[in-house]
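# Coordinate analysis (summary)
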Amino acid sequence: MIGWLLRLSDALRDSGRKRSWPADQAAGRRGEDLAHRYLEGRGMTVVARNWQPSAGPGEIDLVAWEGDRLVFVEVKARGCDEFGAPERNVDAGKREALERAARNYARRAGVAWERVRFDLVGVVLGDPPAISHRKDAFRPNRTL
């Protein structure tokens, strides 16, 4: 039943779009779609996609719950792994932007910062796609 609802929501979301995505953005969206389904298939509940704070920089690709833990997920997708794993592109600046946006989300949701986790999902868009999931990929700055 849930799978059917996910496919229906994807179809409705995509049916309203008349524009085509540039190749790099299309790969990113496909990677996020695959990561979303992958995480939900492993028992996580995705509650937001491409969330941006109302003020300030940053975007969180996926926000999910796993048990009592609020998980912020950065998704990186590539067409191949010739130049290394996609998730290697998350540098210190990206982590800081993620933390700022996540702190904003957690505060609005009323979630204690100690119940937050940051995961990375790498997607290589082959046939079939390869997905890697690093739970607790980095520790947030507790004093940010």
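This section reports on the structure supplied with the text. Every chain's residues receive numbers from 1 upward, in the order its sequence appears when written. For a predicted model such as this one, the threshold for reporting local features is a pLDDT of at least 70, and the threshold for listing and counting side-chain atom pairs is 80 or more; totals across whole chains, interfaces and linings nevertheless cover every residue. Values shown for side chains rest on all heavy atoms present in the structure; no hydrogens or waters enter the calculation.

This part covers the overall build of the protein. Counting its secondary structure elements, the protein contains three helices and five strands. Only DSSP runs of H or I reaching four residues or more are called helices, and only runs of E reaching two or more are called strands; each is numbered from the N terminus. Along the protein, helices (α) and strands (β) appear in the sequence α-α-β-β-β-α-β-β when read from the amino end. Type-normalised accessible area, obtained with a 1.4 Å probe on protein chains alone, sets the label of each residue: buried when under 20%, exposed when over 50%, and partly exposed for intermediate values. Looking at the protein as a whole, 37% of its 144 residues are labelled buried. Total accessible area on the protein is roughly 8,400 Å²; 50% of this is exposed by carbon and sulfur atoms. Per-residue and other accessible areas follow the Shrake-Rupley method at a 1.4 Å probe size, with only the shown protein chains counted as cover for residues.

Between Asp127 and Pro128 the backbone carries a cis peptide bond, its omega angle lying at 5 degrees. Mapped onto the elements, Pro128 comes out in the loop between strand S4 (116–124) and strand S5 (130–134). Non-glycine residue Asn50 carries a positive phi angle of around 50 degrees. Its place among the elements puts Asn50 in strand S1 (residues 45–51). We classify Asn50 as partly exposed; its relative accessible area is 26%.

Right, let's talk about the sheet that holds strand S3 (residues 69–78) for a bit. Read across the sheet, five strands follow the order S1-S2-S3-S4-S5 without closing on themselves; strand pairing throughout is mixed. Each having just a single partner strand, S1 and S5 make up the two edges of the open sheet. Taking each pair of neighbouring strands and ignoring which way they run, the sheet shows an average axis angle of 25 degrees. At least two DSSP bridges between two strands are required for those strands to pair. In this structure, S1 lies alongside strand S2 (residues 60–66), joined through five bridges in antiparallel fashion. Bridge pairing in S2 links Thr45 to Trp65. All axes are obtained by fitting lines to C-alpha atoms, using only the stretch in contact for helices, and the reported angles, taken between N-to-C directions, cover 0 to 180 degrees.

Before going further, it helps to spend a moment on the nonpolar core. Residues Ile60, Val63, Phe72, Tyr105, Val116 and Phe118 are the most contacted members of the largest nonpolar core, which totals 19 residues. Put simply, the parts of the chain that give this core at least two residues each are S1, S2, S3, helix H3 (92–109) and S4. Per element, the largest residue contribution to this core is five residues, and it comes from H3. A contact between two residues is defined here by any heavy atoms of the two lying within 4.5 Å. Discounting chain neighbours no more than four positions away, the residues touching Phe72 are Ile60, Leu62, Val63, Ala102, Tyr105, Ala106, Val116, Arg117, Phe118 and Asp119. Nonpolar cores are built from buried Ala, Val, Leu, Ile, Met, Phe, Trp, Tyr and Cys residues. Side-chain atoms within 4.5 Å join them into one set.

Basic side-chain nitrogens of Lys or Arg form a salt bridge, by our definition, when they fall within 4 Å of a carboxyl oxygen of Asp or Glu. By the definition in use, this model includes nine salt bridges. Here Glu66 ties to Lys135 by a salt bridge, and the two come within 3.0 Å at their closest N and O atoms. On the criterion of sequence distance, the pair formed by Glu66 in strand S2 and Lys135 in the segment after S5 is long-range, its members being 69 residues apart. Here Lys135 falls in the partly exposed class, since its relative accessible area comes to 46%. Two residues, Asp136 and Arg139, come together in a salt bridge whose shortest N-O distance is 3.0 Å. Residue class for Asp136 comes out partly exposed when judged on its relative accessible area of 32%. Look at the salt bridges and you will find they share partners, linking Glu66, Arg117, Asp119 and Lys135 into a network.

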